[in-house]
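# Descriptive analysis of the structure
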Amino acid sequence: QCQVRAFAASSTTSPALSLCAICAMSAAIAAPEWYVSHGALKIHPSLIKVVEVEVCPGTGFSPEYFWSCLEQLTKELRPEVEACLKRRDELQEKVDAFYERSKAAGTDCATKEFRPQCKAFLKEIGYLEDDRGPVSISTQFVDPEIALVPAPQLVVPSDNARYVLNAVNARWGSLFDALYGFDIIPSTSLQLGSSGAGFDVATLSAPAPPVSGYNPVRGQAVIEFANGLLDEIAPLATGCWAEVTRLWPQFVGQQQQLVLLLKSGESTSLKTPSLFVGSVGSLGPPSAHSSGAAVAVPVATKISSPSLPDEGRIFLKHNGLHLVLEIDHEDPIGKSSLSGIKDITMEAALTAILDMEDSVSAVDADDKAKVYTNICGVMRGSLEAPFVKDGKTLVRRARPDIWLRDEKGDAKALPGRAVCLVRNVGHHMFTDMVLCDGRTVPEGFVDCLVTTAAALQDLRGTGLVVNSRLGSVYIVKPKMHGPREIALTNSVFGRTEEFFGLRRDTIKMGIMDEERRTSVNLRECIRAASSRVFFINTGFLDRTGDEIHTCMLAGPVVRKADMKKEPWIKAYEDSNVDIGLHSNFQGRAQIGKGMWAKPDSMLAMLEAKIAEPMAGASTAWVPSPLAAALHSIHYHRVEVPQRQMQLAMRPAASVNLILEPPLLKLKLDAHDIEEELRESAQAILGYVVRWVDLGIGCSKVPDLQNVGLMEDRATLRISSQLLANWLHHGLITEEQIRETFLEMAKVVDQQNIRDRAYRPMASNPDDNIAFQAALKLVLAGKRTPNGYTEYTLHDARRRAKNAFSSRL
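These remarks concern the structure in this document.

## Regarding the overall build of the protein
Per the secondary structure count, the protein includes 25 helices and 26 strands. The C-alpha radius of gyration computed for the protein amounts to 28 Å, which stays within 12% of the reference 28 Å derived for 808 residues, consistent with globular compactness. The dimensions of the protein, computed from C-alpha atoms along their principal axes, are 85 × 65 × 60 Å. Residues counted as buried form 59% of the 808 residues belonging to the protein.

In structure tokens form, the structure reads like this:
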């Protein structure tokens, strides 16, 4: 099997011929006559245009120079890409042969007694590399949002400008909106005939006037939650936040402190006064002649009608994150809060990954041109996304910085946007939107050059906004297998810096710990990029897919729901943190955890996701801006640096447990097998049909219980590899798979019945491109390199686009 075999067939009607991958040792292919020549390159016109119009302007480099750099990079490093991919295949073939020999000899590969023999074999073939001892990263010029402050992280498909801007602006999010809009606040009944006004269920008090469908009962529950959170994060010297009627800054000597008036008439302060860091607006004591110490005000005084205006913002800072108390006694929400706090703006997603990989459907030059345009726009601050709200056309842009007067009275700006990281595609992806000497080019090479060129204005201070205040470019590189591939990425980044005249190690590397050979050799992977690594992350979804594929022939694997109970996954998660901490990551780089997959289940997220900072992670992925606002609560509740110091004292996780495959120990009954087959088939079809027909790379796909789950290529990899594994070992048959997929196609069709752009699968499955692609992912899953789904998806999407074009 060739790691980058070509699954796609070209078409003369296609606007681009971008194969997702093509055999690295294949013969040259002829470029269409409408491709543009530059030296040894043949380039698709859409890519020519985006480089000329979006990428190069303002960089000081011409498009001709850009293409010369790509040609040189390809000729220098493509052979090493080919060698790395060939090595992947060779190792997998040896692992497969080892399991086949062992089973033929009567060995039960699921037993613990087999583990030492397996480990010795992996060491012998070079899969498990020598550990050369401790390593300490020396990465410099890493922004504090990454190096110092633990916080949520958003991942967003880069082909959608509106989503990109939402993610960039998610550094600041409304706590009240997040609480009110999700299941954290239980559903409350509305009084009949109140047109949306609620009532106090406990006291049966009279309903409040209706406010555009606003439910005051639910709103009051939000205020109570917020007051409780403030009591937890910023407790008062006396009293509690629910008793606060007024708050304002006042100078004590040369520095301001926050003064709070309680409903008893007593004034108080924060238990930790240093949490107050600034303010904006007209905030003052309720008496006009109060200029010094807080004045005790009789309870009878009408605090809602002070002699001074009471509208503004109070800035608190806890565990490195800001909270902004939005105060307005005249606002409908502020009126219902004794303190006048109408909202709390949480500093939330300090970083956002603009994804070119798993969450996008970019299969040709036109698709990539859209991605590159958005990346350039957001890095330079020029990206805009028009949208319609209440019949009005509005334009979304990047949020400006936030100005305030700090505790000393000096003007200060807080960054308004998340620091953007860009996830390029992996080394296994090749594209024919550019041909070099008639052969496809590693797509990651193009991604890297475009990402760096897009950041040049930021580095020079000529952009409309600032992304990295310390002058770095952050690229997350996925799907790397072992230290040699990290070293390859290091070489690509180094040559790119030389091309653009940048300081060595300006381009920082994020290592996705999502492939088994990287996990078991993580320390050596870090060593290979020790001067530029800024991030390691346990991408447990892809990691599970690779785990299944690696042990494909060892035996049938456990069900998806049982995978997190297996020894390997806890050892893998712990080992990532252990190695990061012992490699000097604290204060220099991020240690990350994966995605919350249920975007509507925020109560469950609030209860469960605190486990990630408790596990030592300084960041974790969330599915939406409001989820980021809620997840930020966890970083107030857990002091991550202190927790990391505690964890650094424990024994390191054992690689022996990481190498333990998730094989079934007990035979499954027919019901369990059928249930897993149905659930996986429905999930595969629900995601693939939207990817192939609609070009949507990341979807909220309802499961069989109609619970929306975030699906991308990583979750697809798990489902398809599990069924391929069960098919190989006889738990299910091809006939069962085909029958179940047809049954589930009807379910998916029904779930998408309201989508006008949706094309049903069940009515003509034999000729439906998406349905056949979903089947292929399972039936050919055993022989697909590393179990990756990209090859089949890209081929199907291109054929679907061609079919659609032919009907126009």
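## A short note on the pairing of strand E3 (residues 153–157)
By the criterion of burial, E3 is predominantly enclosed, with 5 of the 5 residues buried. Both faces of E3 are covered, namely the face carrying Gln153, Val155 and Pro157 and the face carrying Leu154 and Val156. Note that E3 and strand E12 (residues 351–355) share 5 bridges and pair parallel. Following the sheet pairing, Pro157 is matched in E12 by Asp355. Relative to strand E24 (residues 619–622), E3 runs parallel, the two sharing 2 bridges. Within the sheet, the bridge partner assigned to Gln153 lies in E24 and is Trp621.

## Looking at the pattern of salt bridges
Enumeration according to the criterion identifies 56 salt bridges in this entry. The closest approach of N and O atoms between Arg132 and Glu524, which form a salt bridge, is 3.0 Å. Residue Arg132 is located in the loop between helix H3 (115–124) and helix H4 (144–147), and its partner Glu524 is located in helix H13 (residues 522–527); the two are separated by 392 residues in the primary sequence. Where Asp364 meets Lys801, a salt bridge forms, and the shortest distance between an N and an O atom there is 2.7 Å. With a gap of 437 residues between them, Asp364 in the loop between E12 and helix H9 (365–380) and Lys801 in helix H25 (residues 790–807) connect regions that are remote in the sequence. Connected through shared salt-bridge partners, Asp355, Glu357, Asp358, Arg423, Lys479, Glu514, Glu515, Asp542, Asp546, Arg713, Arg717 and Glu790 make up one network.

## Digging into the nonpolar core
Among the nonpolar cores identified, the biggest contains 133 residues, and Trp67, Leu175, Trp241, Leu316 and Ile344 are the most heavily contacted of them. Apart from the residues lying within four places of it in its own chain, the contact partners of Trp67 are His38, Leu41, Ile43, Leu47, Ile48, Val51 and Val434. Of all hydrophobic cores here, the second largest spans 71 residues; its members include Leu122, Ile658, Val748 and Ala800.

## Some remarks on the environment of Gln254
Within the secondary structure, Gln254 is located in the loop between strand E5 (244–252) and strand E6 (255–262). Looking at Gln254, the relative accessible area reads 72%, which means it is exposed. Along the primary structure Gln254 and Gly409 are separated by 155 residues, whereas in three dimensions their C-alpha atoms are 8.8 Å apart. Aside from chain neighbours lying at most four places away, what touches Gln254 is Glu407 and Lys408.

## Examining the sheet that holds E24
An order of E3-E12-E17-E20-E21-E22-E23-E24 is seen for the 8 strands of this closed barrel, with the pairing classed as parallel. The average undirected angle you get between the axes of adjacent strands in this sheet is 30°. Both strand E23 (residues 590–595) and E24 contribute to a ladder of 3 bridges, which runs parallel. What sits directly across from Met595, in E24, is Trp621. Where helix H11 (residues 483–500) meets the sheet, its contacts fall on strand E20 (473–477) and strand E21 (507–512), and the angle it forms with E21 comes to roughly 160°. The strands touched by helix H15 (residues 567–582) within the sheet are strand E22 (533–537) and E23, with E23 carrying the most contacts at an inclination of about 160°.

## Overview of the pairing of E22
Note on strand geometry: in a regular strand, side chains alternate between the two faces of the sheet. Judged by how many residues are buried, E22 sits mostly within the fold: 5 of 5 residues are covered. Note: E21 against E22, 4 bridges, orientation parallel. When the bridges of E22 are listed, Gly510 appears paired with Phe535. Pairing of E22 with E23, which is carried by 3 bridges, proceeds in the parallel orientation.

## Re the side chain of Asn537
When you line up the elements, Asn537 lands in strand E22. Setting aside its immediate chain neighbours within four residues, Asn537 contacts Ile511, Met512, Asp513, Asn576, Gly592, Lys593, Gly594 and Trp621.

## Describing the packing of aromatic side chains
Under the criterion given, the structure shown has 12 aromatic pairs. Here the aromatic rings of Phe98 and Phe121 are separated by 4.2 Å at their centres, their planes lie at 10°, and the arrangement is stacked. Within this pair, whereas Phe98 is found in helix H2 (residues 63–104), its partner Phe121 is found in helix H3, the two being separated by 23 residues in sequence. Judged by its relative accessible area of 9%, Phe121 falls in the buried class. Their ring planes at 40° and their centres at 5.6 Å tell us that Phe534 and Phe535 sit as a pair that is tilted. Here Phe534 and Phe535 have matching classes, each one buried. Ring pairs connect the aromatic residues Phe98, Tyr99, Phe114 and Phe121, which therefore count as one cluster. Sitting over the face of the ring of Tyr180, Arg218 holds its NZ or CZ atom 5.5 Å from the ring centroid. Here the guanidinium or amino end of Arg543 rests over the ring plane of Tyr572, the centre of that ring lying 5.0 Å away.

## Digging into the packing of helix H14 (residues 540–550) against helix H22 (residues 713–728)
Between H14 and H22, whose axes approach to 8 Å, the crossing angle comes to 20°. Taken together, the axes of H14 and H22 lie roughly parallel to each other. Classified by chirality, the crossing of H22 by H14 is left-handed. Judged by residue contacts, Leu541, Asp542, Thr544, Gly545, Asp546, Ile548 and His549 of H14 engage Ala714, Thr715, Arg717, Ile718, Gln721, Leu722 and Asn725 from H22. Class assignment of the residues belonging to the contact of H14 with H22 gives a composition of 5 nonpolar, 6 polar and 3 charged.

## As for the sheet that holds E5
Across the sheet, 3 strands lie side by side as E5-E6-E7; this open sheet has antiparallel pairing. At either margin of the open sheet sits one strand with a lone partner, and together these are E5 and strand E7 (267–269). Going from strand to strand, the sheet's axes swing by 35° on average, the running direction of each strand aside.

## Some thoughts on the environment of Thr451
Position of Thr451 among the secondary structure elements: in helix H10 (residues 443–460). Residue Thr451 is classed as buried on the basis of its relative accessible area of 0%. Spatially, the C-alpha atom of Thr451 lies 7.9 Å from that of Ile475, the residues being 24 residues apart in sequence. Of the polar contacts made by the side chain of Thr451, one reaches the side chain of Asn424; its length is 3.3 Å.

## Points about helix H7 (residues 216–233)
Side chains three or four residues apart in an α-helix point the same way, a direct result of the helix having 3.6 residues per turn. Helix length check: H7 (18 residues) gives 25 Å between terminal C-alpha atoms against 26 Å at 1.5 Å per residue, within 8%. On its buried face, H7 is in contact with helix H6 (175–181), strand E9 (311–318), strand E10 (321–328), helix H8 (332–335), strand E11 (341–347) and helix H18 (625–637). The N-capping residue of H7, defined by a side-chain oxygen 3.0 Å from the backbone nitrogen of Val217, is Asn215.

## Quick look at the packing of H22 against helix H24 (residues 769–779)
Following both chains from N to C, one finds H22 and H24 inclined at 55°, their axes separated by 7 Å at the closest point. Regarding the angle of H22 to H24, the classification is oblique. Contacts between H22 and H24 involve Leu716, Ser720, Leu723, Ala724 and Leu727 from the former and Leu777, Val778 and Leu779 from the latter. Of the residues in the contact of H22 with H24, the class split is 7 nonpolar, 1 polar and no charged.

## Considerations on the state of the cysteines
One pass over the full model with this rule turns up 0 disulfides. The thiol of Cys109 is not disulfide-bonded; the next cysteine sulfur, from Cys118, is found 7.9 Å away. Looking at Cys109, the relative accessible area reads 2%, which means it is buried.

What counts as what
- Residues numbered from 1 in each chain as written.
- Predicted model: local features only at pLDDT ≥ 70, side-chain atom pairs only at ≥ 80, totals over all residues.
- Heavy atoms only, no water.
- Helix = DSSP H or I, 4+ residues; strand = E, 2+ residues; numbered from the N terminus.
- Rg over C-alpha atoms; globule rule 2.2 N^0.38 Å.
- Buried < 20%, exposed > 50% of the residue type's maximum accessible area, 1.4 Å probe, protein only.
- Pairing = 2+ DSSP bridges.
- Salt bridge = Lys/Arg side-chain N within 4 Å of Asp/Glu carboxyl O.
- Core = buried A, V, L, I, M, F, W, Y, C linked by side-chain atoms within 4.5 Å.
- Contact = heavy atoms within 4.5 Å.
- Axes fitted to C-alpha atoms, helices over the stretch in contact; angles between N-to-C directions.
- Phe/Tyr/Trp six-rings, centres within 6.5 Å; stacked < 30°, edge-to-face > 60°.
- Lys NZ or Arg CZ within 6 Å of the ring centre and 35° of its normal.
- Parallel < 35°, antiparallel > 145°, perpendicular 65-115°, else oblique.
- Left-handed = near helix turned anticlockwise from the far one by under 90°.
- Nonpolar A, V, L, I, M, F, W, Y, C, P; charged D, E, K, R; others polar.
- Polar contact = N/O pair within 3.5 Å; in protein donor to acceptor, adjacent residues only side chain to side chain.
- Expected span 1.5 Å × (residues − 1).
- Disulfide = S-S within 2.5 Å.

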